[in-house]
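Here is what each chain is made of, one letter per residue.
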Amino acid sequence: MNLDEEVLVRQMKEGDKASFDLLYDKYKNVALRTAYLITGNLPDSEDVVQDTFVKVYLHCMELKNDSGFKAWMMQILVRTAYKAGKKKGRELPAEEVIDKADTRTDIGKGGFIE
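Since this is a predicted model, take the numbers as computed values, not measurements.

**Q** Tell me what's going on with the nonpolar core, and back it up with residues and numbers.
**A** One finds V56 and F69 to be the most contacted residues of the largest nonpolar core, which totals 27 residues. At nine residues, the largest contribution of residues to this core is made by helix α4 (residues 69-88).

**Q** Please give an account of the packing of helix α2 (residues 17-39) against helix α3 (residues 42-59) that cites residues and values.
**A** Two elements in contact, α2 and α3, have axes whose closest approach is 8 Å; the angle formed by their N-to-C orientations is 140°. By the criterion of interaxial angle, the relationship of α2 to α3 is oblique. Here α2 runs over α3; the crossing is right-handed. Counting all contacts with α2, which are made through F20, Y24, Y27, K28, A31, L32, A35, Y36 and T39, the residues of α3 involved are L42, D44, S45, E46, V48, V49, F53, V56 and Y57. By residue class, the composition of the contact of α2 with α3 is 13 nonpolar, two polar and three charged.

**Q** Go over α2 with me, naming the residues and quoting the values.
**A** The end-to-end C-alpha distance of α2, which contains 23 residues, comes to just 29 Å, noticeably less than the 33 Å that a straight helix rising 1.5 Å per residue would cover. The sharpest bend along α2 measures roughly 50° and falls at Y27. Immediately downstream of α2, the backbone of G40 shows phi near 85°, a positive value.

Reading the values: the criteria
Residues numbered from 1 in each chain as written. Predicted model: local features only at pLDDT ≥ 70, side-chain atom pairs only at ≥ 80, totals over all residues. Heavy atoms only, no water. Core = buried A, V, L, I, M, F, W, Y, C linked by side-chain atoms within 4.5 Å. Buried < 20%, exposed > 50% of the residue type's maximum accessible area, 1.4 Å probe, protein only. Helix = DSSP H or I, 4+ residues; strand = E, 2+ residues; numbered from the N terminus. Axes fitted to C-alpha atoms, helices over the stretch in contact; angles between N-to-C directions. Parallel < 35°, antiparallel > 145°, perpendicular 65-115°, else oblique. Left-handed = near helix turned anticlockwise from the far one by under 90°. Contact = heavy atoms within 4.5 Å. Nonpolar A, V, L, I, M, F, W, Y, C, P; charged D, E, K, R; others polar. Expected span 1.5 Å × (residues − 1). Bend = angle between axes of the 7 residues up to and from the residue.

Okay, here's the thing in structure tokens:
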């Protein structure tokens, strides 16, 4: 995490929606890839990402170390995705999810990772 990101996190905690939007734009793609690897489909993945960022916004004051934003956000995402997967009876091994999520792939039309 760079200093600019720490500033964005601090500003988000102070209620600055623009800072939240910038953090969302920065992490939405890796969040969507991670959620897709866990849920296995695009609609559920999009729901998980939305739920995650709502939780991030509502609970940002609980983040103790501003430099740990990405790890904190990803932890919320993974827990949210696994809950969604359990509701639908689908779950993938956790050890593969994070490694694959950081690769530079995009989810294309039809929900397939390209």
